[in-house]
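Here is how the chains run, residue by residue.
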Amino acid sequence: MRAALAQLDEHITAPAHLVVGGGAAMVLAYGYNLSTQDVDVFAARGGLRVADLHAAALEVADDLGIQPDWLNAHFETFTHVLPADYASRLHLVFQGKWLRVDALGAEDLLVMKCFAGRDKDRPHARKLVRRAKDLGVVDRRIAELVERRIPGADKAADYFDDLRDEAGL
């Protein structure tokens, strides 16, 4: 992943700031050994958009022999569940000449894992429960989304409750 990001930095000529989530964030920011085929990203304000990086990402894929969709912007579809202050918990994982990449904080990744609610994410979510500095961030955000009747929020709350029960919290 770092090699792909470094090459992407070499292919662009304007500032870009990406935020990484999903398995890529678990690997890059928290050192977990996971197998993932893509880097889930969204563009932070003030730089190139992910769509602007598409041609360069294809060149990187060709150069490294990786999947052409390795830079996955579909992830942005799910960022509406993030707390407004997620940026205060970002972790720098790559800094190049033009490209900066931050990973979501453990609390914010956990919110997204709870909303995904997938069994395959449970081991990751358990690790995030232990890694998070303030589970209150997760609890408050999910409760807020339940109150606003955001689709999936009730299931996310149940998923989070199950995780806390498993962890004895």
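You'll find the structure just up there.
Regarding a negative patch on the surface
Among the surface-exposed residues, Asp154, Asp158, Asp162 and Asp165 lie close enough to one another that they form a single negatively charged patch. Mapped onto the elements, Asp165 comes out in helix 7 (residues 153-167). Judged by relative accessible area, which is 58%, Asp165 ranks as exposed.

Focus on the nonpolar core
Core analysis: the biggest nonpolar cluster contains 58 residues, and Leu8, Leu18, Trp70, Leu71, Leu99, Leu110 and Phe115 have the highest contact counts within it. With seven residues, the single largest contributor to this core is helix 4 (residues 106-116). Every residue in contact with Trp70, bar those within four places of it in the chain, is listed here: Ala4, Leu5, Leu8, Gln37, Asp38, Val39, Ala57, Val60 and Ala61.

Describing helix 1 (residues 2-11)
All buried positions along helix 1 are accounted for by Ala4, Leu5, Leu8 and Asp9. Seen from one end, helix 1 has its buried residues packed into an arc of 140°, which puts them on one side. Its buried side turned inward, helix 1 meets helix 2 (22-30), helix 3 (54-64), strand 3 (71-72), strand 4 (91-95) and strand 5 (99-103).

Overview of the environment of Ala56
Considering the arrangement of structural elements, one finds Ala56 in helix 3. Separated by 49 residues in sequence, Ala56 and Gln7 have C-alpha atoms that sit 8.8 Å apart. Excluding residues that lie within four positions of it along the chain, Ala56 makes contacts with Leu8, His11 and Ile12.

Focus: the pattern of salt bridges
Per the counting criterion, the structure on display carries 13 salt bridges. Note that Asp102 and Arg100 form a salt bridge whose closest N and O atoms lie 2.8 Å from each other. Take Asp102: its relative accessible area is 2%, and that puts it in the buried class.

Describing the packing of aromatic side chains
All chains considered together, the criterion is met by two aromatic pairs. Ring geometry for Phe42 and Tyr86: centres 5.8 Å apart, planes at 70°, overall edge-to-face. With Phe42 in strand 2 (residues 39-43) and Tyr86 in the loop between strand 3 and strand 4, this residue pair connects regions lying 44 residues apart in the sequence. On the basis of relative accessible area, Phe42 is assigned to the buried category, the value being 5%. What links up through ring pairs into an aromatic cluster is the set Phe42, Phe75 and Tyr86. Residue placement shows Arg122 over the ring face of Tyr159; its charged tip is 4.5 Å from the ring centre.

Focus on the pairing of strand 1 (residues 16-21)
The element strand 1 is largely enclosed, with a buried count of five among its six residues. Relative to strand 5, strand 1 runs parallel, the two being bridged by five bridges. Bridge pairing in strand 5 links Val20 to Ala103. As judged from the four bridges shared by strand 1 and strand 2, these two strands associate in the antiparallel manner. Along strand 2, the bridge assignment pairs Val20 with Val41.

Conventions used here
- Residues numbered from 1 in each chain as written.
- Predicted model: local features only at pLDDT ≥ 70, side-chain atom pairs only at ≥ 80, totals over all residues.
- Heavy atoms only, no water.
- Patch = residues over 30% accessible without salt bridge, like charges linked within 9 Å, V, L, I, M, F, W, Y side chains within 5 Å.
- Areas by Shrake-Rupley, 256 points an atom, 1.4 Å probe, with all protein chains shown as cover.
- Salt bridge = Lys/Arg side-chain N within 4 Å of Asp/Glu carboxyl O.
- Lys, Arg positive; Asp, Glu negative; His and termini not counted.
- Charge placed at Lys NZ, Arg CZ, Asp CG, Glu CD.
- Helix = DSSP H or I, 4+ residues; strand = E, 2+ residues; numbered from the N terminus.
- Buried < 20%, exposed > 50% of the residue type's maximum accessible area, 1.4 Å probe, protein only.
- Core = buried A, V, L, I, M, F, W, Y, C linked by side-chain atoms within 4.5 Å.
- Contact = heavy atoms within 4.5 Å.
- Arc of directions from axis to C-beta.
- Phe/Tyr/Trp six-rings, centres within 6.5 Å; stacked < 30°, edge-to-face > 60°.
- Lys NZ or Arg CZ within 6 Å of the ring centre and 35° of its normal.
- Pairing = 2+ DSSP bridges.

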